[in-house]
Amino acid sequence: MCTLRLLEKRSRERQLSTDVFEKKSCVKNGKGNGDYVNVLKKIGLDELRIIYKEHIREDFPRGERRPFFCMEKLQKAGQYDCYGYYRDDNLIAYACYILTQNGSYALLDYFAVVPELRGKGIGSEFLRSLNGNVSAKCGVFIEAESPDSAKTEEERQTRERRIHFYPSNGAERTNSKCLLFGVDYNILFISTCDAVDTQEKGNQRHAVEELYHELYGRAYGRLCKPYEDHKPN
């Protein structure tokens, strides 16, 4: 994940410190003590740096952590959007997306709920809130480790749960897969358009390849091998 070609800053580089929105949702806490108000915010580089140090380093193993300077370079080029989910000004979940240069598609890079609040439906609520706010014009790709390549039954069941989570919250399975850094991933897709026609679905495989090309540059062929699996989902 740490191999990136140099990205040119484009004229449409955004003012990250001011490109912020808030969206509030009222959630029943189930304890009779009133409601929780959760707030979705698009965050800038300074907040991302804090989340990286305090959460991403703890939530993801070293092999799955993108170096922060890569995230910074992408965000300054307008290709890395990050969102925080807050309750009483405390972070309860976060997500990061890599955008294609033309802004048509995004890849979900990180998605996590803070450990003490997992299993309480916050992930589903957060993802559904994100689906209507992500900058990608056409849709979002999601990588999920394939159950078919799991080494143990426990690992297979864990991967199955992860894959089922996304379709239950607006994603659809595709025939696209990717062998990335030696790990086999299923590719899921969340449309950000009102409808996805047949032609657009046909472009999804091409869009995945283009996105990986942008990320890995000359190392693309060595690190990343997209392919299609025509078995029924």
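Just above sits the structure.
Note that the structure is a prediction, hence the values are computed from the model and not measured.

(A) Spatial organisation of the nonpolar core. Ranked by size, the top nonpolar core spans 38 residues in total, and within it Tyr-80 and Tyr-212 carry the most contacts. Of the residues forming this core, the biggest block, 6 residues, is contributed by helix 5 (residues 198-216). Ignoring sequence-local partners within four residues, the contact set of Tyr-212 consists of Leu-107, Glu-143, Cys-178, Leu-180, Ile-187, Gly-217, Tyr-220, Cys-224 and Pro-226. Within the second largest apolar cluster, 28 residues are counted, among which are Val-113, Val-114, Phe-126 and Ala-171.

(B) Spotlight on the side chain of Arg-66. For Arg-66, the position within the fold is in the loop between helix 1 (45-59) and helix 2 (68-76). In this structure Arg-66 comes out as buried when scored by relative accessible area, which is 1%. Of the polar contacts made by the side chain of Arg-66, one reaches the side chain of Asp-109; its length is 3.0 Å.

(C) Region of the structure containing the environment of Phe-60. Inspection of the secondary structure puts Phe-60 in the loop between helix 1 and helix 2. Linking Phe-60 and Ala-112, residues 52 residues apart in sequence, is a C-alpha distance of 9.3 Å. Residues within four places of Phe-60 in sequence aside, it is in contact with Arg-65, Tyr-94, Tyr-110, Phe-111 and Ala-112.

About the thresholds
- Residues numbered from 1 in each chain as written.
- Predicted model: local features only at pLDDT ≥ 70, side-chain atom pairs only at ≥ 80, totals over all residues.
- Heavy atoms only, no water.
- Core = buried A, V, L, I, M, F, W, Y, C linked by side-chain atoms within 4.5 Å.
- Buried < 20%, exposed > 50% of the residue type's maximum accessible area, 1.4 Å probe, protein only.
- Helix = DSSP H or I, 4+ residues; strand = E, 2+ residues; numbered from the N terminus.
- Contact = heavy atoms within 4.5 Å.
- Polar contact = N/O pair within 3.5 Å; in protein donor to acceptor, adjacent residues only side chain to side chain.

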